[in-house]
Amino acid sequence: MKVDLGPVTRIEGHLNVKTTIENDQIVDAQCMGEMFRGFEVILRGRDPLDAQQITQRICGVCPYAHAIASSYAQENAYGLQVPPNGRIMHNLIQGANHLYDYLLHFYQLSALDFVDVTSILKYTGKDADLRKIKEWVQAEFASGKAYPGAPFLPRLNGCYIVDDELNIGALKHYVEAMEIQKKANRAATVFGGKFPHATAIFPGGCTQDARIDLIATYQSFIRETREFIHSRYIPDIVAVAENFPEYWHIGASKGGFLSYGLLPLSAERNSGRLLAPGVLQGGMVKPVDYGLITQDVGHAKYSSPSGLKISESSLTPDPAKKGAYTWTKAPRYDGRVMEVGPAARILVDYHAGGNKTVKGLVDTYAAMFGITADNLNSVLGRHLCRAVNAVVIADFLLEESERIDPGGKTMADIVVPATAEGYGVTEASRGALLHYIRIADYKIAAYECVVPTTWNASPRDDKGQPGTMESALVGTKVADPEDQIEAVRIIHSFDPCIACSVH
Ligand code: NFE
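Residues numbered from 1 in each chain as written. Predicted model: local features only at pLDDT ≥ 70, side-chain atom pairs only at ≥ 80, totals over all residues. Heavy atoms only, no water.

## Regarding the pairing of strand β9 (residues 278-281)
Definition in use: Note on pairing: two strands pair once DSSP finds at least 2 bridges between them. Every helix listed is a DSSP run of H or I at least four residues long, and every strand listed is a run of E at least two residues long, numbered separately from the N terminus.
Sheet analysis places strand β6 (residues 256-259) next to β9, joined by 3 bridges and oriented antiparallel. For S259, the partnering residue across the bridge sits in β9 and is G278. By the bridge criterion, 3 bridges tie β9 to strand β10 (residues 284-286) in an arrangement that is antiparallel. Within β10, the position partnered with L280 by the bridge is V285. Counting the residues that bridge the hairpin from β9 to β10 gives 2 residues, and of these G282 lies at a positive phi of roughly 55°.

Shown next, in the form of structure tokens:
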């Protein structure tokens, strides 16, 4: 039996997932990014200094990551020496965006896969019979009355948390989380200029001044966000994990893990980062070699050549291509499938012996839940790893903001060369993000973005290996093949962004 799960909701963009079910088990899955965008074509022939502005428009959720990756690529191409204030401001903007994004993902995009919204009805005098509730909600809609649970119903069949108090608490936090996301975004705008598309991020730093009042404002927003992370987000993740322990063993991807490392600690962008970079395979972490990244398009709707390296960038859309089922390319590392994202960041750092707080938190939660670090490759693992990222980043941002030199230079002087090329890598919330720029005659001759959800939502490659999310779905038992809440929980744990994946 074949089932289309699309359009998948509570994600960004147009995603369909087609599953094949045999004996109540997913035996095949196809992830389909259902739109073409073509940013890499739009960029050709333009002024290189437009790139960090144009690429932010790839997405309204992770725009800062694109601006940062583009800035790093241009810094590399121009040979810029970035002043410490410039690096710090980049970090403060990008880190605040990660905090916003983790809270958005858990509360607005995932929590209601586990939390029972119908608990509210017991406090509104309605019978908690799902069929009756659906009828009642439809009648309320028809009469134009507002109702707090209405946007969340109907929903997929499945088991939800049964403790009413926990459910009501989580729903309150759902609403509070939106206020806190605003604070994290406002923190980012202190140095970035505005949200979602920052005006102040440039190669070599930031156009904002290094002022003490700005530092204080930034810190007050981050402190409030940090408080919410500790008092609400972490306990809510723990509650979900306690109620659904089977999800430590559901949704494991079947490749390696790739992380470029997050937030540079010195002027040398790639030498030390708050979270360590690397490729993790078989328990071993190796340095990343961009030369080993290729992109297959055998099953993607492009007629440009398959298996190209990043610097060979090419993009010719072919909507009617035979055998192609998505607009998302299939990036591979040395021919292998990679998971990118929060679990990859934590697992790579953990195995590389990077950040001590990461090690401490992973070991503490592993002991609490009776799991090992390997179980972070799972639905719950991805949720927990976002929270671990959030804890480490929030503390770092408060320390990092103290390192700004008030009144000091915040940007390098930029001279665009006639001919150059550069790579820029960072971690967007959803994972490893690479931008490549080649300049000829002072214009962009080629631009390539290799984006987190392109890795995770990739189709089969030319060897027939399924993409990361496809591999995580295969083998999953489903209680109701028509509804497949298990598959949706797996998909949501990756937090796919299709706007980014197809860019
Ligand atoms: Ni549109 Fe993005 C992030 C990037 S995902 S959200 O995080 O880059 O591919």
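Next comes the rest of the description.
## What about the coordination of the nickel atom of the ligand?
Angles between donor atoms at a metal ideally measure 109.5 degrees for a four-coordinate tetrahedral arrangement and either 90 or 180 degrees for a six-coordinate octahedral one. Short version of the rule: Think of the donor list as every N, O and S atom within 2.8 Å of the metal, or within 3.2 Å for Na, K and Ca; water never makes the list, so a site can look incomplete. By the criteria applied here, four donors are tetrahedral when all angles lie between 85 and 135 degrees, four are square planar and six octahedral when opposite donors are over 155 degrees apart and every other angle lies between 65 and 115, and any other arrangement is irregular. Burial status follows relative accessibility: with a 1.4 Å probe on protein chains alone, a residue under 20% of its type maximum counts as buried, one over 50% as exposed, and anything between as partly exposed.
Around the nickel atom of the ligand, the protein supplies C59 (SG), C497 (SG) and C500 (SG) as donor atoms, at distances of 2.2 to 2.4 Å. For the nickel atom of the ligand, the 4 donor atoms in the first shell make angles of 103 to 114° at the metal, so the coordination geometry reads as tetrahedral. In this model, the nickel atom of the ligand sits 3.2 Å from the iron atom of the ligand. Placement of C59 in the loop between α2 (51-54) and α3 (63-78) and of C497 in the loop between α14 (485-494) and α15 (498-502) is noted, with a sequence separation of 438 residues between them. A relative accessible area of 3% means that C59 is categorised as buried.

## A few points about the pairing of strand β11 (residues 293-296)
Across a regular strand the side chains alternate sides, sitting on one face of the sheet and then on the other. Alternating residues of β11 divide into I293 and Q295 and T294 and D296, and every residue in both groups is buried. Strand direction decides the pairing type here: β11 and strand β13 (residues 330-333), joined by 4 bridges, are antiparallel. In the sheet register, D296 faces β13, and the bridge partner there is A330. As judged from the 2 bridges shared by β11 and strand β12 (residues 308-309), these two strands associate in the antiparallel manner. Of the residues in β12, the one forming a bridge with Q295 is L308.

## A look at the site of the ligand
The condition is simple: Only heavy atoms are used to decide nearness, and a residue is near a molecule or strand if one of them lies within 4 Å of it. Pairs of N or O atoms within 3.5 Å make up the polar contacts considered here, provided that, within protein, one atom can donate a hydrogen while the other can accept it, and that residues adjacent in sequence are counted only when both atoms are side-chain atoms. Here the nonpolar group is Ala, Val, Leu, Ile, Met, Phe, Trp, Tyr, Cys and Pro; Asp, Glu, Lys and Arg are the charged ones; every other residue, Gly included, is treated as polar.
All residues in the neighbourhood of the ligand are listed as C59, C62, H66, A428, S429, R430, L433, V451, P452, T453, C497 and C500. Contact distances for the ligand include 3.2 Å between an oxygen atom and a side-chain N or O atom of H66. Taking R430, its side chain carries an N or O atom lying 2.8 Å from an oxygen atom of the ligand. Residues that form the shell around the ligand fall into these classes: 8 nonpolar, 3 polar and 1 charged.

## A short note on helix α9 (residues 342-352)
The buried fraction of α9 amounts to 8 of the 11 residues, a majority that puts the element mostly inside the structure. Of all the residues in α9, the buried ones are P342, A343, A344, R345, I346, L347, V348 and D349. Positioned one or two residues after α9, G353 has a phi angle of 65°, which is positive.

## Concerning the sheet that holds strand β17 (residues 443-450)
Threshold: For every element, the axis is a line fit to its C-alpha atoms; helices are fit only across the contacting stretch, and the angle between N-to-C directions ranges from 0 to 180 degrees. Only heavy atoms enter the contact rule, under which two residues are in contact if any of them lie within 4.5 Å.
Taken in spatial order, the 3 strands of this open sheet run β15-β16-β17, and their pairing is antiparallel. Each of the sheet's edge strands pairs with one partner strand only, and the pair in question is β15 (420-428) and β17. Neighbour-to-neighbour, the strand axes of the sheet open up by a mean angle of 15°, direction not taken into account. Direction of pairing for strand β16 (residues 431-440) relative to β17: antiparallel, over a ladder of 7 bridges. Within β17, the position partnered with Y436 by the bridge is E448. Packing against the sheet, α3 makes contact with β15, β16 and β17, and its axis sits at approximately 150° to β15.

## A closer look at helix α10 (residues 356-369)
Stated formally: Helix span is expected to be 1.5 Å times the residue number reduced by one. An arc is given here, and it is the one of the directions from the helix axis to the C-beta atoms.
A rise of 1.5 Å per residue sets the reference length of α10, with its 14 residues, at 20 Å; its end C-alpha atoms lie 20 Å apart and thus fit the reference within 8%. For α10, the full list of buried residues reads V358, L361, V362, Y365, A366 and F369. One face of α10 carries all of its buried residues, which in axial projection span an arc of 130°. The outward face of α10, more than 90 degrees from its buried face, is lined by the exposed residues K356 and A367. Where the residues of α10 are buried, they touch α8 (212-243), β8 (273-275), α9 and α11 (379-402). Regarding α10, its N-cap is N355, as a side-chain oxygen of that residue lies 2.9 Å from the backbone nitrogen of T357 further along. G370 sits one or two residues past α10 and shows a positive phi near 65°.

All quantities given are derived from atomic positions and should not be read as evidence of function.
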